[in-house]
Amino acid sequence: MKLTWKTKAEKETRSLAARLGSLLHPGDIVTLSGDLGAGKTTFTKALAAALGVTRTVNSPTFTIIKEYEGRCPFYHMDAYRLDDSMEELGLEEYTDGEGVLVIEWPEMIEDQLPEDRLSLHLAYTGETTREIYAEAAGRRYEALLEEWKKA
Ligand SMILES: Nc1ncnc2c1ncn2[C@@H]1O[C@H](COP(=O)(O)OP(=O)(O)OP(=O)(O)O)[C@@H](O)[C@H]1O
Ligand SMILES: [Mg+2]
């Protein structure tokens, strides 16, 4: 299942992300791809806030993954500097059902990602406009995307 949204301002992207955040359950995995400045981190921050994270979410530049406390643990990973030839990341540790995992730049570690996930792609379409494509793989994510569409 696939869906596309168009946003006309940052606050619309934030609101879309917040609606998704409020629907996420422990164990969910969401990936965010898109060019530099497309809005991946902006999206992640609003999603985390909706998950009850009160600390400021910044891109994990010097660490591969950052953990935050919200309604459940929230793991934020930036794979920009990684590549699939590197050692096993052991992502199962983060997808075992305890927390929500969001990964920016999933294309860098494609081979290590589970097939079932919600994949989002953000595209720059103008200074303040973006297109957000969502693709769900697996039953949980098909249901999630269906809920998000209605939210
Ligand atoms: N409709 C919109 N949706 C999201 N962000 C927008 C929108 N319009 C303008 N922006 C701006 O675009 C920028 C997006 O930056 P952000 O850091 O979220 O991108 P990124 O994809 O994480 O980039 P990077 O790969 O460099 O980390 C922000 O400055 C934000 O204010
Ligand atoms: Mg970013």
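Quick summary incoming for the structure in this document. Being a predicted model, the structure only gives us computed values, none of them experimental.

**A word on the pairing of strand 6 (residues 117-126)**
Next up, step 1: Bridge count for strand 2 (residues 29-33) against strand 6 is 4 bridges, and the pairing is parallel. Pairing of Thr-31 across the sheet is with Ser-119, part of strand 6.
Next up, step 2: The sheet contact formed by strand 6 and strand 7 (residues 129-137) spans 9 bridges and is antiparallel. When the sheet's bridge partners are listed, Leu-118 is paired in strand 7 with Ala-136.
Next up, step 3: Linking strand 6 to strand 7, which pair antiparallel, is a turn of 2 residues.

**Concerning the site of ligand 1**
Next up, step 1: Around ligand 1, 17 residues are found, and the nearest of them are Glu-10, Thr-13, Gly-37, Lys-40 and Thr-42.
Next up, step 2: Here an oxygen atom of ligand 1 sits 2.6 Å away from a polar atom, N or O, in the side chain of Thr-42.
Next up, step 3: Between ligand 1 and the protein, one listed contact pairs an oxygen atom with a side-chain N or O atom of Arg-130 at 2.9 Å.
Next up, step 4: Against a free-state accessible area of 650 Å², the protein chains account for coverage of 74% of ligand 1.
Next up, step 5: At the level of elements, helix 1 (10-21) and helix 2 (40-50) are the ones that each hand at least two residues to the shell around ligand 1.
Next up, step 6: With 3 residues, helix 2 is the largest single contributor of residues to the shell around ligand 1.
Next up, step 7: Looking at the shell around ligand 1 residue by residue, the classes come out as 4 nonpolar, 7 polar and 6 charged.

**Some points on the packing of aromatic side chains**
Next up, step 1: Applying the stated criterion across every chain yields a total of 5 aromatic pairs.
Next up, step 2: With centroids separated by 4.2 Å and ring planes inclined at 40°, the aromatic side chains of Trp-5 and Trp-148 adopt a geometry described as tilted. One end of the pair, Trp-5, is in strand 1 (residues 2-7); the other, Trp-148, is in helix 3 (residues 139-150), with 143 residues separating them in the sequence. Like Trp-148, Trp-5 is buried.

**Looking at the pairing of strand 1**
Next up, step 1: Here strand 1 shows a clear split, with Leu-3, Trp-5 and Thr-7 buried on one side and none of Lys-2, Thr-4 and Lys-6 buried on the other.
Next up, step 2: The sheet contact formed by strand 1 and strand 7 spans 6 bridges and is antiparallel. Paired with Lys-2 across the two strands is Glu-135, which belongs to strand 7.

**Here we look at helix 3**
Next up, step 1: Spanning 12 residues, helix 3 covers 17 Å between terminal C-alpha atoms, matching the ideal 16 Å at 1.5 Å per step.
Next up, step 2: Buried residues of helix 3: Tyr-141, Leu-144, Leu-145 and Trp-148, and no others. The buried residues of helix 3 occupy one face: seen down the axis, they fall within an arc of 100°. Every exposed residue of helix 3 that faces more than 90 degrees away from the buried side is listed here: Arg-139 and Lys-150.
Next up, step 3: Looking at the buried side of helix 3, the elements it contacts are strand 1, helix 1, strand 2, helix 2, strand 6 and strand 7.

**What about the sheet that holds strand 3 (residues 65-69)?**
Each strand in a sheet pairs with its neighbour through backbone hydrogen bonds, running either in the same direction (parallel) or in the opposite one (antiparallel).
Next up, step 1: As summarised here, the arrangement of the 7 strands in space is 1-7-6-2-5-4-3, forming an open sheet in which the pairing is mixed. The open sheet is flanked by strand 1 and strand 3, the only strands paired with a single partner. Sheet twist, expressed as the mean angle between neighbouring strand axes with direction ignored, is 20°.
Next up, step 2: Bridge analysis of strand 3 against strand 4 (residues 73-78) gives 5 bridges, and the strand direction is antiparallel. Looking across to strand 4, one finds that Glu-69 is bridged to Pro-73.
Next up, step 3: Across the sheet, helix 1 touches strand 1, strand 2, strand 6 and strand 7, and the angle it forms with strand 1 is around 145°.

The rules behind these values
- Residues numbered from 1 in each chain as written.
- Chains lettered and ligands numbered in written order.
- Predicted model: local features only at pLDDT ≥ 70, side-chain atom pairs only at ≥ 80, totals over all residues.
- Heavy atoms only, no water.
- Pairing = 2+ DSSP bridges.
- Helix = DSSP H or I, 4+ residues; strand = E, 2+ residues; numbered from the N terminus.
- Near = heavy atom within 4 Å.
- Polar contact = N/O pair within 3.5 Å; in protein donor to acceptor, adjacent residues only side chain to side chain.
- Areas by Shrake-Rupley, 256 points an atom, 1.4 Å probe, with all protein chains shown as cover.
- Nonpolar A, V, L, I, M, F, W, Y, C, P; charged D, E, K, R; others polar.
- Phe/Tyr/Trp six-rings, centres within 6.5 Å; stacked < 30°, edge-to-face > 60°.
- Buried < 20%, exposed > 50% of the residue type's maximum accessible area, 1.4 Å probe, protein only.
- Expected span 1.5 Å × (residues − 1).
- Arc of directions from axis to C-beta.
- Contact = heavy atoms within 4.5 Å.
- Axes fitted to C-alpha atoms, helices over the stretch in contact; angles between N-to-C directions.

Everything listed here is a matter of coordinates, which is why it stays silent on function.
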